[in-house]
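An overview of the molecular structure
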Amino acid sequence: MPPNDNRIDARDWSLLAVLSILWGGSFFFNGAALRELPPLTLVFLRVALGAAILLPLLRVQGISFPKGLAGWRAFVVIGLVNNVIPFSLIVIGQTFIPSGLASILNATTPLFTVLVMAAAGQEALQVRRVAGVALGLVGVIILRGWGVESRAGQGLGILLCLGGAFSYGLAALAARRLLKDSPPLGTATFQLMASTVMMAIVAGAVEQPWRLPMPGIATWLAVLGLASLSTALAYIVFFQILRRSGPTNVMLVTLLIPVTAILLGWLVLGEPISVREIAGATIIGSALLVIDGRAVSMLQRVA
């Protein structure tokens with residue numbers, strides 16, 4: 001893990017864009033699957049199938065399993081704060097609020113990460129980074145629209161999604177302290193395996209999924225997309241960026257997710273892009289430049 005993660009190189013900016021597409025799809029997949037599956041069962045299927053997809057790759061790469069309880073401890077902690085808690089809170093929150101609003105609330109993750117890392121003494125609380133994250137959040141709100149509707153339980157849904165974003169901030173701290181030399185594929189697989197065990201207990205106790213009617217093909221396709229693209233593949237990319245650029249920078253992906261969603265809608269579905277969306281995307285881009293710092297330094301040197 002790099003000691004100073006204030007810079008992101010071109011490769012990791014590209015990986016962040018890929019990750020934003022993979023994770024952006026999770027809100028769509030969640031929305032589709034929640035029509036027939038209760039939230040905790042959906043989270044269990046997500047992490048279990050994600051782990052099953054990655055397990056064969058461990059053998060191909062020659063990566064060994066952790067040894068003993070001590071070896072698994074870090075992955076249990078990461079699985080809890082990076083999967084079990086945020087996935088559960090966000091997907092339950094999506095039963096009360098629209099997916100668009102959930103993605104906006106998810107974009108508060110970098111702000112929570114900056115504050116958590118500073119409170120733990122892992123990174124200095126730089127005004128530039130806090131201002132950049134806040135500016136990016138404003139851009140997300142403008143780009144997506146606030147999307148608040150009069151719904152029963154809406155306040156609870158907002159709090160749940162914010163709780164998920166805060167948990168991701170804690171996950172960044174835990175990853176900084178506990179994950180040093182673990183390869184990205186191993187980290188992704190082992191934390192999903194630990195999460196599967198925890199979610200099996202939680203979902204089994206609360207929702208008893210074995211009593212549920214069999215979902216339709218559309219739901220299973222959504223679950224498969226969620227597990228393979230938004231979980232298995234996404235976590236390999238996530239932990240690769242984490243090792244190279246640090247925990248605070250990798251969480252910037254949540255600012256990019258709404259932008260990539262708009263661009264994909266334009267490229268794939270031919271959806272028009274409004275002036276509001278262009279303005280929001282421009283503000284987000286400016287915020288990322290402020291957070292990265294190099295553009296600001298160049299302007300200061302020129303001045």
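Attention here is on the structure that accompanies the text. (Residues numbered from 1 in each chain as written. Predicted model: local features only at pLDDT ≥ 70, side-chain atom pairs only at ≥ 80, totals over all residues. Heavy atoms only, no water.)

What follows is about a nonpolar patch on the surface. Among the surface-exposed residues, Leu 49, Met 214, Ile 217, Trp 220 and Leu 221 lie close enough to one another that they form a single nonpolar patch of about 540 Å² accessible area. Per-element tally for the nonpolar patch: the top contributor is helix α9 (residues 217-245), with 3 residues. In this structure, Met 214 sits in the loop between α8 (184-206) and α9. With relative accessibility at 66%, the residue Met 214 sits in the exposed group. (Patch = residues over 30% accessible without salt bridge, like charges linked within 9 Å, V, L, I, M, F, W, Y side chains within 5 Å. Areas by Shrake-Rupley, 256 points an atom, 1.4 Å probe, with all protein chains shown as cover. Salt bridge = Lys/Arg side-chain N within 4 Å of Asp/Glu carboxyl O. Helix = DSSP H or I, 4+ residues; strand = E, 2+ residues; numbered from the N terminus. Buried < 20%, exposed > 50% of the residue type's maximum accessible area, 1.4 Å probe, protein only.)

The next subject is the packing of aromatic side chains. Considering all chains together, one arrives at 12 aromatic pairs under this definition. The interplanar angle of 85 degrees and the centroid separation of 5.9 Å between the aromatic rings of Trp 23 and Tyr 235 together place this pair among those described as edge-to-face. Of the two residues, Trp 23 is situated in helix α1 (residues 10-33) and Tyr 235 in helix α9; the sequence distance between them amounts to 212 residues. What makes Tyr 235 buried here is its relative accessible area of 0%. Put simply, the rings of Trp 23, Phe 87, Tyr 235, Phe 238 and Phe 239 pair up and form one aromatic cluster. Directly above the aromatic system of Phe 87 lies the positively charged group of Arg 46, at a separation of 3.8 Å from the ring centroid. (Phe/Tyr/Trp six-rings, centres within 6.5 Å; stacked < 30°, edge-to-face > 60°. Lys NZ or Arg CZ within 6 Å of the ring centre and 35° of its normal.)

Take α9 next. The end-to-end C-alpha separation of α9 is 39 Å, in line with the 42 Å expected for 29 residues at 1.5 Å each. At Ala 234, α9 shows its maximal kink, close to 40 degrees. Gly 246 sits one or two residues past α9 and shows a positive phi near 95 degrees. (Expected span 1.5 Å × (residues − 1). Bend = angle between axes of the 7 residues up to and from the residue.)

A separate point is unusual backbone geometry. Phi at Gln 208 is positive, roughly 45 degrees, even though this residue is not glycine. If you trace the backbone, Gln 208 turns up in the loop between α8 and α9.

Geometric values such as these leave the question of function open.
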